[in-house]
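Inside the fold
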Amino acid sequence: MSKTLQAIRGMNDILPGQTPVWRYLENTFAELLEGYGYQEIRLPILEFTELFARGIGEGTDVVDKEMYTFRDRNEESLTLRPEGTAGCVRAVLEHGLTGGGQVQKLWYAGPMFRYEKPQKGRYRQFHQIGVEVFNLPGPDVDAELIALTARLWRRLGVADAVSLQLNSLGSSEARARYRDALVDYLQQRFEQLDEDSQRRLTTNPLRILDSKNAQTQALLAGAPVLSDFLDEESRLHFEGLRNRLDAMGIAYQINTGLVRGLDYYGRTVFEWVTDRLGAQGTVCGGGRYDGLVGQFGGKPTPSVGFAMGIERLVLLLETLAVVPETLEQPAHAYICAFGEAAELAAVTLAERLRDALPGLRLLVNAGGGSFKSQFKKADKSGARFALILGEDELAARVVGCKPLREDGEQQSIAWDALAERLSACVEQAQHNACMGKE
Ligand code: ATP
Ligand code: MG
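Summary of the structure given here. The structure presented is a predicted model; accordingly, all values stated were derived computationally and were not measured.

A closer look at the environment of Asp210
- One can find Asp210 in the loop between helix 7 (195-203) and helix 8 (214-220).
- C-alpha of Asp210 to C-alpha of Asp196: the two residues are 14 residues apart in sequence and 11 Å apart in space.
- Beyond its immediate sequence surroundings of up to four residues, Asp210 is in contact with Gln217, Gly257, Val259 and Arg260.

A short note on helix 15 (residues 415-427)
- Of all the positions in helix 15, only Trp415, Leu418, Ala419, Leu422, Ser423 and Cys425 are classed as buried.
- On its buried side, helix 15 packs onto strand 12 (333-337), helix 12 (340-356), strand 14 (385-389), helix 14 (391-396), strand 15 (398-403) and strand 16 (411-414).

Overview of the sheet that holds strand 5 (residues 104-113)
- Across the sheet, which stays open at both edges, the eight strands sit in the order 1-5-6-11-10-9-7-8 with mixed pairing between neighbours. If you trace the sheet from one side to the other, it starts and ends with strand 1 (39-40) and strand 8 (253-254), each paired once.
- As paired strands, strand 1 and strand 5 are joined by two bridges and run parallel to one another. Paired with Gln39 across the strands is Leu106, a residue of strand 5.
- Here helix 4 (residues 85-94) sits on the sheet and contacts strand 5 and strand 6 (125-134); the angle it forms with strand 6, its principal contact strand, is near 45 degrees.

A look at the nonpolar core
- Counting residues in each nonpolar core, the largest one holds 89 residues, and the members touching the most others are Trp153 and Trp272.
- If you tally residues by element for this core, the top one is helix 5 (residues 139-156), at 10 residues.
- Trp272 has contacts with Ile146, Thr149, Ala150, Trp153, Val162, Ser163, Leu164, Ile250, Gly281, Thr282, Val283 and Cys284, leaving out every residue within four places of it along the chain.
- Counting residues in each nonpolar core, the second largest holds 23 residues, with Ala333, Ala345, Ala346 and Leu357 among its members.

A closer look at the layout of surface pockets
- In this structure, the second largest pocket spans a volume of roughly 280 Å³.
- If you go around the second largest pocket, you meet 17 residues; those closest to its centre are Ala150, Arg154, Ile250, Ala251 and Trp272.
- Sorting the residues of the lining of the second largest pocket by element identifies helix 5 and strand 7 (162-168) as the ones contributing at least two each.
- Class assignment of the residues belonging to the lining of the second largest pocket gives a composition of 12 nonpolar, three polar and two charged.

Quick notes on the pairing of strand 14
- Burial of strand 14 is extensive: five of the five residues sit out of reach of the surface.
- Of the two faces of strand 14, the one lined by Phe385, Leu387 and Leu389 and the one lined by Ala386 and Ile388 are each fully buried.
- By the bridge criterion, five bridges tie strand 12 to strand 14 in an arrangement that is parallel. In the sheet register, Ile335 faces strand 14, and the bridge partner there is Leu387.
- By the bridge criterion, four bridges tie strand 14 to strand 15 in an arrangement that is antiparallel. If you follow Phe385 over to strand 15, its bridge partner there is Pro403.

Here we look at the site of ligand 1
- Inspection of the region around ligand 1 gives 14 residues, with Arg114, Glu116, Arg122, Arg260 and Thr282 positioned closest.
- Note that an oxygen atom of ligand 1 is positioned 3.2 Å from one of the backbone N or O atoms of Gly309.
- Taking Arg312, its side chain carries an N or O atom lying 3.0 Å from an oxygen atom of ligand 1.
- Secondary structure elements with two or more residues in the shell around ligand 1: strand 6, strand 10 (282-288) and strand 11 (303-309).
- Among the elements that line the shell around ligand 1, the one with the most residues is strand 10, at three residues.
- By residue class, the composition of the shell around ligand 1 is five nonpolar, four polar and five charged.

Quick notes on the rules
- Residues numbered from 1 in each chain as written.
- Chains lettered and ligands numbered in written order.
- Predicted model: local features only at pLDDT ≥ 70, side-chain atom pairs only at ≥ 80, totals over all residues.
- Heavy atoms only, no water.
- Helix = DSSP H or I, 4+ residues; strand = E, 2+ residues; numbered from the N terminus.
- Contact = heavy atoms within 4.5 Å.
- Buried < 20%, exposed > 50% of the residue type's maximum accessible area, 1.4 Å probe, protein only.
- Pairing = 2+ DSSP bridges.
- Axes fitted to C-alpha atoms, helices over the stretch in contact; angles between N-to-C directions.
- Core = buried A, V, L, I, M, F, W, Y, C linked by side-chain atoms within 4.5 Å.
- 1 Å grid on protein atoms, 1.4 Å probe; cavity = no way out; pocket = protein on both sides within 12 Å on 5 of 7 lines; lining within 4 Å.
- Points joined across faces, edges and corners; volume = space filled by probe spheres on them.
- Nonpolar A, V, L, I, M, F, W, Y, C, P; charged D, E, K, R; others polar.
- Near = heavy atom within 4 Å.
- Polar contact = N/O pair within 3.5 Å; in protein donor to acceptor, adjacent residues only side chain to side chain.

Here is the structure:
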């Protein structure tokens, strides 16, 4: 017996029942971003492995443990993108989009791949919407990114369920000084660290700060804190950001343990977290990465961005029951036709109606069937009207129009008048002034 074919674990089908909420999220986001002057960029899903190794950094979980990497037929090492920033930076450099200090405000959406342990809110193929801004060095744009995410939460109706965590990682020199102090402190307590943190002490010590291990966290309570090591410029930058957030009335908590998983961050880092999703509580994370473009061989280019996880947002909308009810729009009309001649008339009529009314949602019965069965399908489809074409209607060049969602007699409407009569429904789907009903 052959094995039943199944999707790869942690890679989910998004079924028709779920796509409306996905589109709602994506459309809400795209509309909001356009309102702030951001432009969409679309990037490949596969890149050379080296891009991520250099960009995200060896010693990070993503690069060391989570990448889908393979050799193609030409023996090139390729990787399914685990995140969007590295590819975006590669693209702007390759196309000279940031040359001469040009400002770019970009957004993207799409699947990302990480070999993680699948669980609620954590998958191996997941989707992000992300934003990257280039050549704006100040805290003003950091504040704008946070303001627009705050607005998104309000639009989606989840603002009360998320909160903002903020930190500054300082300059790379400040981070290096801090790293030394932290390593010094932890080295003396090496035996008390969990195994992962012991390993990270040499590979990526700052990552120990967001260890989930309770004993390690307790140990960190007495450790040196990064904010005491900040350089003056980073301190002013952070103050500028906080002043702006205060002015806009955006609440935040300073979390000195927030270091983010990827190596390229410096200065501002932030996360939007929720306590409604269990362990996978970060819905959006980002920060400044002024050093990354340089690391890829470009001119030093101030850069800042964030990414949010669509699956976690969908879960949050569902948990909070704030998915709008009107996402799935039923058809305006369902055409029932009886006999071959009527079926022919139905398809031609339907195509003419679609020409006249591009916004029309029209279902044409397929597969024949008795009056009763077609009428039942029309009703089940949720359509507002059944349009009936039998022998008599065919002879008189009319359709019988029967309201399905409200009381009302069946009316005869001439084919030539039908588009005009349906136009009111298309324009005012939710309104009663439809098909002659005032
Ligand atoms: P986490 O700490 O939850 O692993 P991360 O710091 O690795 O998150 P980022 O690389 O900053 O995540 O990605 C941005 C966002 O993408 C996260 O805040 C989260 O909402 C989402 N995300 C990250 N990894 C996954 C995953 N495996 N499955 C679903 N969503 C994810
Ligand atoms: Mg992760």
